[in-house]
Structures are given as C-alpha cells and as structure tokens.
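# Breakdown of the fold
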Amino acid sequence: MAIKNRSISMDGKRIMTMDEFKQWLKKFDADKDGRISKEELRNAIYETGGRFGRWKSRLGIRSADADGSGFIDENEINSLVEFADKYLGVKILYM
C-alpha cells in the first residue's frame, strides 16, 4: 500500500490533496470501522518508511483526537495534517 502520487516537493515530501490523504488513510483502517486506531496509524508510519512507529502513533493520536476516544475519526482527520507533514513525509494541498 505505498503512497502512489504524482508529485514530490523540493524537500522530498509526497504531495497529496486532502481527499487523496483521506483515501490513503482509509487503506489502513483494518477493521473498517471508519476510524484510525493507534495501531492502524503505526502501520501507516511503517508503510512510509518511518521509524519509531509506536511513539509516533501515540503522538499522532494525541495531536488529532479531539474527543479523547483514542481514535481518529472522519471529523478529526484534518487535525492529522501537521502530523503527516512532520512524521509521514506527506505534504497536504488544500484545493
């Protein structure tokens, strides 16, 4: 499930639209409940070649989980953009 995208920025980050990012994240929703768990986010981190997946997944959940459920749902995905830029090597374009 590698990130397949048409553009790479000057700093080496993959460029995606918000819709592409959401679709890519849904690939890691193993139980298809519409939410991203810490374990599912860890899998996304490892898929992008990231290290320290356990720590980064906890950080990602804490940074985006506004309701404290321990999951990132559809309404909280926008909050994951800064995390994706810093830890997943993905730059999100708003179009």
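Values in this document were obtained by computation on a predicted structure and should not be read as measured data.

## Examining the side chain of Asp29
By the secondary structure assignment, Asp29 is in the loop between α1 (18–26) and α2 (38–47). Nearest to the buried, unbridged Asp29 among oppositely charged side chains is Lys32, at 6.1 Å. A distance of 3.3 Å separates a polar atom in the side chain of Asp29 from the backbone nitrogen of Asp33. Among the polar contacts listed, one links the side chain of Asp29 to the backbone nitrogen of Gly34, at a separation of 2.8 Å. Contacts of Asp29, omitting those with residues within four sequence positions, involve Gly34, Arg35, Ile36 and Glu40.

## Some remarks on the sheet that holds strand β2 (residues 14–17)
The three strands lie next to each other as β1-β2-β3, forming an open sheet whose pairing is mixed. Of all strands in the sheet, those bounded by a partner on one side alone are β1 (7–8) and β3 (90–93). Direction of pairing for β2 relative to β3: parallel, over a ladder of four bridges. Along β3, the bridge assignment pairs Ile15 with Lys91. Strand contacts of α1: β2 and β3, with the helix running at about 100° to β2, the strand carrying the most contacts.

## Re the environment of Lys27
Tracing the chain through its elements places Lys27 in the loop between α1 and α2. For Lys27, a relative accessible area of 42% gives the class partly exposed.

Rules used in this analysis
- Residues numbered from 1 in each chain as written.
- Predicted model: local features only at pLDDT ≥ 70, side-chain atom pairs only at ≥ 80, totals over all residues.
- Heavy atoms only, no water.
- Helix = DSSP H or I, 4+ residues; strand = E, 2+ residues; numbered from the N terminus.
- Buried < 20%, exposed > 50% of the residue type's maximum accessible area, 1.4 Å probe, protein only.
- Lys, Arg positive; Asp, Glu negative; His and termini not counted.
- Salt bridge = Lys/Arg side-chain N within 4 Å of Asp/Glu carboxyl O.
- Polar contact = N/O pair within 3.5 Å; in protein donor to acceptor, adjacent residues only side chain to side chain.
- Contact = heavy atoms within 4.5 Å.
- Pairing = 2+ DSSP bridges.
- Axes fitted to C-alpha atoms, helices over the stretch in contact; angles between N-to-C directions.

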